[in-house]
Amino acid sequence: MNCLAPSILSADFSRLGEDLSLAERNGITMLHIDVMDGMFVPSISLGFPVIESIRKKINMVFDVHLMIKEPERYVERFAESGADMITVHAEACLHLHRTIGQIRQLGVKCGVALNPATPLSVLDYVLEDVDMVLLMTVNPGFGGQSFIPAMYEKIKTLRKQITEKGLNTDIEVDGGIKASNAERALRAGANVLVAGSAVFEGDIEKNIKEFQRVL
Ligand code: DX5
Ligand code: ZN
């Protein structure tokens, strides 16, 4: 099923609870939470206290995108904080297969993220073990960047591989997604759209409705 997962990176943190409740009332069922460590990516974003606070108020599926080095050190702690799905970067894991196993053992869903320049072949021996592949459509680290057009082909190729293997793995696209290019990303084979600035900048309700028209 297609869905929109707003990324809280672009939210106004002084009114996070209210804005997320508003999104929830407007039919949003998944929330994308970007965690950055200042090492894997240049920026630092948020961590456990924020996730634990919003967990008390918000029922959406918490899709936690870890842009951190050696995420195996922290996956258990993120599951305890309220993550329903934990996505790690293939580039950030010393032993990707082991980390995926660790996440699955915690009883949460598991995703693997790939930077734009990372080939799909890193998934060759783990695709069957993950619920979702997150294809970065910008270089990770910041909200508000432009979608990299070469990623349409990558989405298409991955969807083809998933179908050929008889799987129904979700493909999440993250970075530069707007209501205007969402349709093309969906057509290429993505089914989970992350959008930060396109949801939280301006009128949140109106922005969500624009996306819902193309979902
Ligand atoms: C970037 C993050 C994204 C970011 C997307 O590193 O992973 O989730 O919030 O922001 P927009 O939608 O503004 O490109
Ligand atoms: Zn993200």
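See the structure shown above.
None of these values were measured; they are calculated from a predicted model.

## Some remarks on the coordination of the zinc ion (ligand 2)
Octahedral metal centres with six donors ideally show angles of 90 or 180 degrees, and tetrahedral centres with four donors ideally show 109.5 degrees.
No. 1: Protein coordination at the zinc ion (ligand 2): the donors are His 32 (NE2), Asp 34 (OD), His 65 (ND1) and Asp 174 (OD), at 2.0 to 2.3 Å from the metal.
No. 2: Between consecutive donors of the zinc ion (ligand 2), the numbers of intervening residues give the motif H-x1-D-x30-H-x108-D. Linking Asp 34 in strand 2 (residues 30–36) with Asp 174 in strand 7 (residues 170–174), this pair joins segments that are 140 residues apart in sequence. Accessibility assignment for this pair places Asp 34 and Asp 174 in one class, buried.

## Some thoughts on the environment of Val 194
No. 1: Within the element layout of this structure, Val 194 appears in strand 8 (residues 192–195).
No. 2: Sequence spacing of Val 194 and Ile 8 is 186 residues, and the spatial spacing of their C-alpha atoms is 10.0 Å.

## Observations regarding the packing of aromatic side chains
No. 1: Inspection of the entire model under this criterion finds three aromatic pairs.
No. 2: Arranged with centres 4.6 Å apart and planes meeting at 45°, the rings of Phe 48 and Phe 78 form a pair that is tilted. You can see Phe 48 sitting in helix 2 (residues 48–55) and its partner Phe 78 sitting in helix 3 (residues 75–81), a full 30 residues away along the chain.
No. 3: Where Phe 147 meets Tyr 152, the ring centres are 4.7 Å apart and the plane angle is 35°; that geometry is what we call tilted. Here Phe 147 matches Tyr 152 in class, with each residue buried.
No. 4: Through a chain of ring-to-ring contacts, three or more aromatic side chains come together here, namely Phe 48, Tyr 74 and Phe 78.
No. 5: Seen from the ring of Phe 62, Arg 55 lies directly overhead, with NZ or CZ sitting 3.6 Å from the centre.
No. 6: Over the ring of Tyr 152 we find Arg 184, and its NZ or CZ is 3.8 Å from the ring centre.

## Considering the site of ligand 1
No. 1: Near ligand 1, the surroundings consist of 20 residues, among which Asp 34, Gly 141, Asp 174, Gly 196 and Ser 197 are the closest.
No. 2: In the environment of ligand 1, an oxygen atom lies 2.8 Å from a nitrogen or oxygen atom belonging to the backbone of Gly 141.
No. 3: In this structure, an oxygen atom belonging to ligand 1 sits 2.5 Å away from a side-chain N or O atom of Ser 197.
No. 4: The protein chains hide 100% of the 380 Å² of surface that ligand 1 would expose on its own.
No. 5: Among the detected pockets, ligand 1 sits in the largest cavity.
No. 6: Of all elements in the fold, only strand 2, strand 3 (61–67) and strand 8 reach the threshold of two or more residues within the shell around ligand 1.
No. 7: Here the residues of the shell around ligand 1 are counted per class, giving eight nonpolar, 10 polar and two charged.

## Side note on empty space enclosed by the protein
No. 1: The full count for this structure, using the stated rule, is one cavity of 30 Å³ or more.
No. 2: One number sums up the size of the largest cavity: a volume of about 200 Å³.
No. 3: If you trace the largest cavity, you find 25 residues lining it, with Phe 142, Gly 143, Gly 144, Asp 174 and Gly 175 closest to the centre.
No. 4: Going through the elements one at a time, strand 2, strand 3, strand 8 and helix 7 (197–200) are the ones with two or more residues in the lining of the largest cavity.

## Observations regarding the pairing of strand 6 (residues 132–136)
A regular strand places its side chains so that they alternate between the two faces of the sheet.
No. 1: In terms of residue burial, strand 6 counts as a mostly covered element, since five of its five residues are buried.
No. 2: Neither face of strand 6 is open: one carries Met 132, Leu 134 and Met 136, the other Val 133 and Leu 135, and all of them are buried.
No. 3: Pairing of strand 5 (residues 109–114) with strand 6 involves four bridges; the strand directions are parallel. Bridging across to strand 6, Gly 111 finds its partner in Met 132.
No. 4: Judged from the five bridges that link them, strand 6 and strand 7 form a sheet pairing that is parallel. Along strand 7, the bridge assignment pairs Met 132 with Asp 170.
No. 5: Where the polypeptide runs from strand 6 across helix 5 (residues 151–164) and back to strand 7, its parallel neighbour, the crossover connection is right-handed.

## Thoughts on the pattern of salt bridges
No. 1: Per the stated rule, a full pass over the model turns up five salt bridges.
No. 2: Asp 84 is the salt-bridge partner of Arg 55, the closest N and O atoms lying 2.9 Å from each other. Of this pair, Arg 55 sits in helix 2 while Asp 84 sits in the loop between helix 3 and strand 4 (85–89), and the two are 29 residues apart along the sequence.
No. 3: With relative accessibility at 23%, the residue Arg 55 sits in the partly exposed group.
No. 4: Taking the relative accessible area as the measure of exposure, Asp 84 reaches 31% and is therefore partly exposed.
No. 5: Note that Lys 165 is salt-bridged to Glu 128, the shortest N-O span being 3.8 Å. Of the two residues, Lys 165 sits in the loop between helix 5 and strand 7 while Glu 128 sits in the loop between strand 5 and strand 6, which places them 37 residues apart along the sequence.

About the cut-offs
Residues numbered from 1 in each chain as written. Chains lettered and ligands numbered in written order. Predicted model: local features only at pLDDT ≥ 70, side-chain atom pairs only at ≥ 80, totals over all residues. Heavy atoms only, no water. Donors = N, O, S within 2.8 Å, 3.2 Å for Na, K, Ca; no water. Helix = DSSP H or I, 4+ residues; strand = E, 2+ residues; numbered from the N terminus. Buried < 20%, exposed > 50% of the residue type's maximum accessible area, 1.4 Å probe, protein only. Phe/Tyr/Trp six-rings, centres within 6.5 Å; stacked < 30°, edge-to-face > 60°. Lys NZ or Arg CZ within 6 Å of the ring centre and 35° of its normal. Near = heavy atom within 4 Å. Polar contact = N/O pair within 3.5 Å; in protein donor to acceptor, adjacent residues only side chain to side chain. Areas by Shrake-Rupley, 256 points an atom, 1.4 Å probe, with all protein chains shown as cover. 1 Å grid on protein atoms, 1.4 Å probe; cavity = no way out; pocket = protein on both sides within 12 Å on 5 of 7 lines; lining within 4 Å. Sits in = over half its atoms within 2 Å of the grid points. Nonpolar A, V, L, I, M, F, W, Y, C, P; charged D, E, K, R; others polar. Points joined across faces, edges and corners; volume = space filled by probe spheres on them. Pairing = 2+ DSSP bridges. Right-handed = clockwise from strand over helix to strand, strands pointing away. Salt bridge = Lys/Arg side-chain N within 4 Å of Asp/Glu carboxyl O.

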